[in-house]
Amino acid sequence: MEKYINVFPDKSNVEYDRIYHFTNGEDFKFLNSNREINMPHANKIARAIIEENQAQYIDAISVDINTYIVIDGQHRLTAFKKAWEKGLNVEMDVRFKL
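The structure displayed is predicted, hence computed values, not measured ones. (Residues numbered from 1 in each chain as written. Predicted model: local features only at pLDDT ≥ 70, side-chain atom pairs only at ≥ 80, totals over all residues. Heavy atoms only, no water.)

Draft legend 1. Representation of the overall build of the protein chain within the structure. Scanning the protein chain from N- to C-terminus turns up 2 helices and 4 strands. Taken from the N to the C terminus, the helices and strands of the protein chain come in the order β-α-β-β-α-β. Taking 98 residues into account, the globule formula puts the C-alpha radius of gyration at 13 Å, and the protein chain, at 13 Å, falls close to it. Per-residue burial for the protein chain yields a buried fraction of 42% across its 98 residues. Long-range contacts, defined as pairs at least 24 residues apart, comprise 68% of the intrachain contacts of the protein chain with a sequence gap of at least 6. The distance from the centre of the 13 positive side-chain charges to the centre of the 15 negative ones in the protein chain is 5 Å. (Helix = DSSP H or I, 4+ residues; strand = E, 2+ residues; numbered from the N terminus. Rg over C-alpha atoms; globule rule 2.2 N^0.38 Å. Buried < 20%, exposed > 50% of the residue type's maximum accessible area, 1.4 Å probe, protein only. Contact = heavy atoms within 4.5 Å. Lys, Arg positive; Asp, Glu negative; His and termini not counted. Charge placed at Lys NZ, Arg CZ, Asp CG, Glu CD.)

Draft legend 2. Layout of the nonpolar core. Ranked by internal contacts, the top residues of the largest apolar core, which has 24 residues, are Phe 28, Ile 49, Phe 80, Met 92, Val 94 and Phe 96. Put simply, the parts of the chain that give this core at least two residues each are strand E1 (20-22), helix H1 (39-50), strand E2 (61-64), helix H2 (74-85) and strand E4 (92-97). Considering every element that reaches this core, the biggest residue donor is H2, with 5 residues. Among residues more than four places away in sequence, those in contact with Ile 49 are Gln 54, Ala 55, Ile 58, Ala 79, Phe 80, Ala 83, Leu 88 and Val 90. (Core = buried A, V, L, I, M, F, W, Y, C linked by side-chain atoms within 4.5 Å.)

Encoded structure:
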């Protein structure tokens, strides 16, 4: 199976069973109704990614295919953003949902 990196599907071509991989998260959005980011928790995930090389073990975030709003995984996305800001070239896994 081909690995999709930084491929942004839309509703007409998304494969819902596929894990998409991203090396930046700037196109993903949060809703105001998402729970507030717990920075100690996000920092703990970031340490696992940055210091312990554990990015491949972090579960995929879920993103709405229509809006690119994060449904589940705002702490994971925040942690990956910290890793990318530090210059790490790590991949975040994303599952798109309808």
